[in-house]
Amino acid sequence: MSNPSEVVFRVAVGMVVVTWFAVRGHFQKKVGSSKKISSHHGRREKRSYMLVSVSFLPILLYVFTSPFSFAHIAIPSWLRWAGLISGLSASGLFAWTHFALGKNWSGLLEIAKDHELVTGGPYRFVRHPMYSAFFLMGIGVLLLSSNWLVGGLNLAAVTAMYLVRVADEEAMMLGHFGQSYQTYMDHTGRVFPRL
Ligand code: SAH
């Protein structure tokens, strides 16, 4: 490890990633066994989901070693610290979305038994706040690490997952909830709140 301040940024990235996975682990344990009545995911969705998981590996490598120092970008320290705010907000939003979705959450596109349409909590403002959290996390890691490869790979994977899934997910929700979901769509943005 080179510059002592780099170590601080690595620890900060590590902390952000640990809070993220702690949230996912907690909720996965809680709702993992809920019964599903239909699955709407194809190979593309599964692959994009895996790609996002794999894109966390370079982040972990960045925390413990320095194979990617060639991809360092010089940005001011304050901007890197803004990445910590983004990363921690991402974990907070991630927890909030999981809490709001409860047993209706699934990693892949599925409808659970007695699935309820959630329109409260963060879902009051946007239809896909969990994906907003993924984007915030990618931006946080990119800024904190100031490494285009480490942050860029994660952001690229999240963008791919979002593009592959979002239309299919909305079609699935429309198919199951019909007019209620249509009305909900009319009042909310996808990842940004409507002005
Ligand atoms: N796209 C959402 C949820 C991601 S988890 C977000 O970004 O916050 C994916 C699962 O959540 C889907 O399989 C779907 O079953 C469920 N889901 C998505 N939106 C929902 C909603 N408003 N209410 C209930 N379940 C929802």
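A quick note: this is a predicted structure, and the numbers were derived from the prediction, not measured.

(A) Summary view of the overall build of the protein. A count of helical and extended segments in the protein gives seven helices and two strands. In sequence order, the secondary structure elements of the protein are arranged as α-β-α-α-α-β-α-α-α. For 195 residues, the compact-globule formula gives about 16 Å, and the C-alpha radius of gyration of the protein, at 18 Å, lands near that figure. Dimensions along the principal axes, computed over C-alpha positions, put the protein at roughly 55 × 35 × 25 Å. Taking all 195 residues of the protein together, the buried fraction comes to 47%. Once local pairs closer than 6 in sequence are excluded, the contacts in the protein between residues at least 24 apart make up 82%. Element-wise, carbon and sulfur atoms account for 68% of the exposed surface of the protein, whose accessible area totals about 10100 Å². Charged side chains in the protein number 18 positive and 9 negative. The centres of these two groups are separated by 5 Å.

(B) Broad picture of the site of the ligand. Surveying the vicinity of the ligand reveals 21 residues, the closest of which are Glu110, Val118, Tyr123, His128 and Glu169. Residue valine 118 places a main-chain N or O atom 2.8 Å away from a nitrogen atom belonging to the ligand. Contact with the protein chains removes 99% of the 540 Å² of surface that the ligand exposes when unbound. No other element matches the four residues that helix 6 (residues 148-177) contributes to the shell around the ligand. Looking at the shell around the ligand residue by residue, the classes come out as twelve nonpolar, four polar and five charged.

(C) Fine view of a nonpolar patch on the surface. Together, Val54, Leu57, Leu60 and Phe64 give the surface a local cluster of nonpolar side chains, amounting to about 410 Å² of exposed area. Examining the composition of the nonpolar patch, we find that three residues originate from one element, helix 3 (residues 57-64), more than from any other.

(D) View of helix 4 (residues 77-101). Taking 1.5 Å of rise per residue, 25 residues should cover 36 Å, and helix 4 covers 36 Å from first to last C-alpha, within 8% of that figure. Two residues or fewer after helix 4 comes glycine 102, characterised by a positive phi angle close to 55°.

(E) Quick peek at helix 2 (residues 43-54). Taking 1.5 Å as the rise per residue, helix 2 with twelve residues should run 16 Å; its terminal C-alpha atoms sit 16 Å apart, in good agreement. The complete set of buried residues in helix 2 reads Glu45, Ser48 and Val52. Considered in projection along helix 2, the buried side chains sweep an arc of 65° and stay on one side of the axis. The exposed set on the far side of helix 2, more than 90 degrees from its buried face, consists of Arg43, Arg47 and Met50. On its buried side, helix 2 packs onto helix 5 (129-145) and helix 6.

Rules behind the numbers
- Residues numbered from 1 in each chain as written.
- Predicted model: local features only at pLDDT ≥ 70, side-chain atom pairs only at ≥ 80, totals over all residues.
- Heavy atoms only, no water.
- Helix = DSSP H or I, 4+ residues; strand = E, 2+ residues; numbered from the N terminus.
- Rg over C-alpha atoms; globule rule 2.2 N^0.38 Å.
- Buried < 20%, exposed > 50% of the residue type's maximum accessible area, 1.4 Å probe, protein only.
- Contact = heavy atoms within 4.5 Å.
- Areas by Shrake-Rupley, 256 points an atom, 1.4 Å probe, with all protein chains shown as cover.
- Lys, Arg positive; Asp, Glu negative; His and termini not counted.
- Charge placed at Lys NZ, Arg CZ, Asp CG, Glu CD.
- Near = heavy atom within 4 Å.
- Polar contact = N/O pair within 3.5 Å; in protein donor to acceptor, adjacent residues only side chain to side chain.
- Nonpolar A, V, L, I, M, F, W, Y, C, P; charged D, E, K, R; others polar.
- Patch = residues over 30% accessible without salt bridge, like charges linked within 9 Å, V, L, I, M, F, W, Y side chains within 5 Å.
- Salt bridge = Lys/Arg side-chain N within 4 Å of Asp/Glu carboxyl O.
- Expected span 1.5 Å × (residues − 1).
- Arc of directions from axis to C-beta.

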